[in-house]
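Each chain, letter by letter, is given below.
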Amino acid sequence: MAFLGKLVADPEPVTRESVVVKQFETFLRDERGLAVSTVEHYCWHARELMEHLTRSGHTLRHLRLEDIDAYMAARAASGWRRSSMPAVAGAVRSFLRFAELRRLCTPGLAVGVAPPRMYADERLPEGLEWSAVTRLVASTRGRRHDDIRDRAILLLLSVYGLRCCEIAELRLEDINWENGTISVRRPKQRHTQQYPLEAITGQGILRYIREARPRTQCRQVFLNLLAPARPITRISIHHAVRKRLRAMGLHGPRRGPHALRHACARRLLANGFTFKQVGDHLGHRSSAATRIYAKVDMNSLRQVAEIDLRGIL
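Every chain begins its residue count from 1, and numbering advances along the sequence as written. Per-residue local features are limited, in this predicted model, to residues with pLDDT of at least 70; the limit for side-chain atom pairs, both in listing and counting, is 80 or more; totals at the level of whole chains, interfaces and linings are taken over all residues. Excluding hydrogens and water, the side-chain figures rest on all heavy atoms present in the structure.

A.B. asks: Tell me about the pairing of strand S2 (residues 181–186), residues and numbers included.
C.D. replies: Relative accessibility thresholds used throughout: buried, under 20% of the residue-type maximum; exposed, over 50%; partly exposed, between the two (1.4 Å probe, protein chains only). Secondary structure is summarised from DSSP: a helix means a run of H or I of at least four residues, a strand means a run of E of at least two, and numbering begins at the N terminus for each. Most of S2 sits inside the fold, with five of its six residues counted as buried. DSSP bridges decide pairing: two strands pair if at least two such bridges lie between them. With two bridges joining them, strand S1 (residues 175–176) and S2 adopt antiparallel strand pairing. When the bridges of S2 are listed, Ile 175 appears paired with Ile 182. Hairpin connection, S1 to S2: the antiparallel pair is bridged by four residues, and Gly 180 has positive phi, about 70 degrees. In this structure, S2 lies alongside strand S3 (residues 191–196), joined through six bridges in antiparallel fashion. Residue Ile 182 lies in a different strand from S3, and its bridge partner there is Tyr 195.

Here it is in C-alpha cells:
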C-alpha cells in the first residue's frame, strides 16, 4: 500500500540522538568524503552507542571511558569476534572525534578507545575449497527465479572475487556484450576496473536478465525477488549465500560471500598467478592485503622448504 501511495507511515519521532547521528552522517559524507558503505557502518555503531547509553541511563554529554568499555563489552558478548572489534573501535572513535569537534562530549575520549591487540598475519584466509565452490554453484541448476539469480551472483563472487557491495552496484550498462567486458566499481579505490566477461558467468547473467529479472526501469542488474522491484542490497546477497551454504552443510567461522573471494584468490595462486596478479584481480590497494595468501600457497611453501641451507648458516 505504501508503494502504491495509499499508505502514509507515521514519521519516526525526532530525538536529540537521531539528530546527532544525522549530523554525523552528513559530516562523514560531505566533509570526509567516505564511501557509502563506510558511512553506513560508522552511523550504525553511532546509533547503537547512543541507544546503549539511553538504556543504561547515561548521556553523550556525560559520557565516560567506562561507558565506552561497557559498549565494547556488550558487542563482544553479543557474538562479535575479536577480529571484528577493531572495526567497532574505529567507528566509535570516529563518532567521538565528531562529538568532540561539536562540543557534544568531554574532550579526549576518542584517544582512549583502544581495540583488542591484533597481530599482523595472525589468521589464515578462511575460504572454501574449490570443490565446495563448484558444488555450491551446481546447487543453483534449477528453474526457480532465486536459483537463476543466485547462480549469476555466485559466479561473480567466485570467478571475479567481487565484494557484495560491488555486485549490488553493478548496472546494466556496466556489461558490454559486444566487446565481452564487465566494469566493476571499486568503492575503496574510487575507480572502475574492467574485466573480460568470462563465458559461463556471462551466460548466467544473461539468463537471469532474460528469465528471472523483473521488468522495471531500475538500472541495477540484480533486484529483489519480491515486489516491488528494488536493487538488491549487500545484506540480501550475504543472506542468500549463507542460506545455500547451510543447506549444503558447510559451517565454519567464515561461511558467507567473502569465503568465495578467498577461494578465488587461493585458486589463482594454485594456478600459478603471482601475488601482484592476484591483488590486481581482487582490487587490492596494496600488496599487504594480498600477502595473507602466502600462508596457503602450498607450491611456494614447498619450494621454500626444499632450499638447502647447508654452507649458508
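Here the narrative resumes, following the displayed structure.
A.B. asks: Pulling in residues and values, what's your account of the environment of Tyr 208?
C.D. replies: Its location among the elements puts Tyr 208 in helix H8 (residues 199–212). A sequence separation of 60 residues divides Tyr 208 from Ile 148, and the C-alpha atoms of the two residues are 5.6 Å apart. Apart from residues lying up to four places away in sequence, Tyr 208 is in contact with Ile 148, Arg 149, Arg 213, Pro 214, Val 221, Phe 222 and Leu 223. Contact definition: two residues touch when any of their heavy atoms are within 4.5 Å.

A.B. asks: I'd like a rundown of the nonpolar core, residues and numbers included.
C.D. replies: Nonpolar cores are built from buried Ala, Val, Leu, Ile, Met, Phe, Trp, Tyr and Cys residues. Side-chain atoms within 4.5 Å join them into one set. Ranked by internal contacts, the top residues of the largest apolar core, which has 39 residues, are Leu 156, Ile 182 and Phe 222. Elements that contribute at least two residues to this core include exactly helix H5 (130–138), helix H6 (145–159), helix H7 (164–168), S2, H8, helix H9 (234–247) and helix H10 (257–270). Counting residues per element, this core draws most heavily on H6, which supplies seven residues. If we skip the residues at most four places from it in the chain, Phe 222 touches Arg 149, Ala 152, Ile 153, Leu 156, Ile 167, Leu 170, Tyr 208, Pro 231 and Ile 232.

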